[in-house]
Amino acid sequence: MTTPVRPGAATARAPALTGAFAGGRYDLVGLATPRLGAPAPYTSSLVRDVDLAASAALPPWLAPPAALSAAGNRYAFAPSAGAALHVVAVVDAAGDPVWTALVLDGAREVEPPAEVPLPATPALVRVTGVDWPGFAPAAFRLDDLTVDLARVAGAELRL
């Protein structure tokens, strides 16, 4: 269910859960874009297991990565402040990722290995910052992402 919060309104009420969902709890997701339907830049915040008897607030927005640039097959960006990791994807004209890098070491630029066949003219580069409280690059499980993920923000560079 989607309950939009309109500009100028700070709150929205969620309907009570009934029937098969009675006694259930909500996951609260906030998504912000510059205009409705724009794929990027975006930022999102999540709160899981919300008790409907109480109020819930989204964490502050995570700033999208900025200053995206490309020089040949080298892709650079300014990281999202507060992000634990970043994902960089080179996308072809059909919208399919052709190469993806998981940046765990704070690097601000990535370059695919020469062995990776990239299209002569990739369509765009997507960079996503991920706030994952408690994330430790040396010891993590992807299954933990569904429990611990707090905020995500992304930006695109058209090539």
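Everything discussed here concerns the structure shown above.
Residues numbered from 1 in each chain as written. Predicted model: local features only at pLDDT ≥ 70, side-chain atom pairs only at ≥ 80, totals over all residues. Heavy atoms only, no water.

J.: How do you make sense of the sheet that holds strand β2 (residues 42-50) when you look at a structure like this?
T.: Strands pair in a sheet through their backbones, by hydrogen bonds, and they do so in one of two ways: parallel or antiparallel. An order of β1-β2-β9-β8-β5-β6 is seen for the six strands of this open sheet, with the pairing classed as antiparallel. Both edges of this open sheet fall to β1 (26-32) and β6 (97-103), since each of them pairs with a single strand only. Neighbour to neighbour, the strand axes of the sheet diverge by 15° on average, direction disregarded. Judged from the six bridges that link them, β1 and β2 form a sheet pairing that is antiparallel. Bridge pairing in β2 places G30 opposite S45. (Pairing = 2+ DSSP bridges. Helix = DSSP H or I, 4+ residues; strand = E, 2+ residues; numbered from the N terminus. Axes fitted to C-alpha atoms, helices over the stretch in contact; angles between N-to-C directions.)

J.: Sorry, what's going on with the pairing of strand β3 (residues 66-71) here?
T.: The side chains of a regular strand alternate between both faces of the sheet. Summarising the sheet, β3 and strand β4 (residues 74-78) pair through four bridges and their orientation is antiparallel. For S69, the partnering residue across the bridge sits in β4 and is A76. Between the antiparallel neighbours β3 and β4 lie two residues, among them G72 with a positive phi of about 65°.

J.: How should unusual backbone geometry be read in this particular structure?
T.: Excluding glycine, a negative phi dihedral is what most residues carry, and trans is how most peptide bonds are arranged. In the segment running from A40 into P41, the intervening peptide bond is cis, with an omega of -5°. Mapped onto the elements of the fold, P41 is located in the loop between β1 and β2. At D49, a position not held by glycine, the phi torsion is positive, near 60°. Considering the arrangement of structural elements, one finds D49 in strand β2. A positive phi angle is found at A67, which is not glycine, with a value near 50°. Along the chain, A67 falls in strand β3. The exposed category is assigned to A67, whose relative accessible area is 61%. (Buried < 20%, exposed > 50% of the residue type's maximum accessible area, 1.4 Å probe, protein only.)

J.: Would you mind going over the pattern of salt bridges with me for this structure?
T.: Applying the stated criterion to the full structure yields six salt bridges. With its nearest N and O atoms 2.6 Å apart, the salt bridge here joins R25 to D49. Of the two residues, R25 sits in the segment before β1 while D49 sits in strand β2, which places them 24 residues apart along the sequence. We classify D49 as partly exposed; its relative accessible area is 48%. A salt bridge links R151 to D131; the nearest nitrogen and oxygen atoms lie 2.7 Å apart. Here R151, found in strand β9 (residues 151-158), pairs with D131, found in strand β8 (residues 124-131); they are 20 residues apart in sequence, far enough to count as distant. A residue is classified by how much of its surface remains accessible, and R151, at 14% relative accessible area, is buried. (Salt bridge = Lys/Arg side-chain N within 4 Å of Asp/Glu carboxyl O.)

J.: Please explain the pairing of β9 as it appears in this structure.
T.: Bridge count for β2 against β9 is four bridges, and the pairing is antiparallel. When the sheet's bridge partners are listed, T43 is paired in β9 with A153. Across eight bridges, the pairing between β8 and β9 is antiparallel. Looking across to β9, one finds that V127 is bridged to A155.

Worth remembering: the numbers are spatial, not functional.
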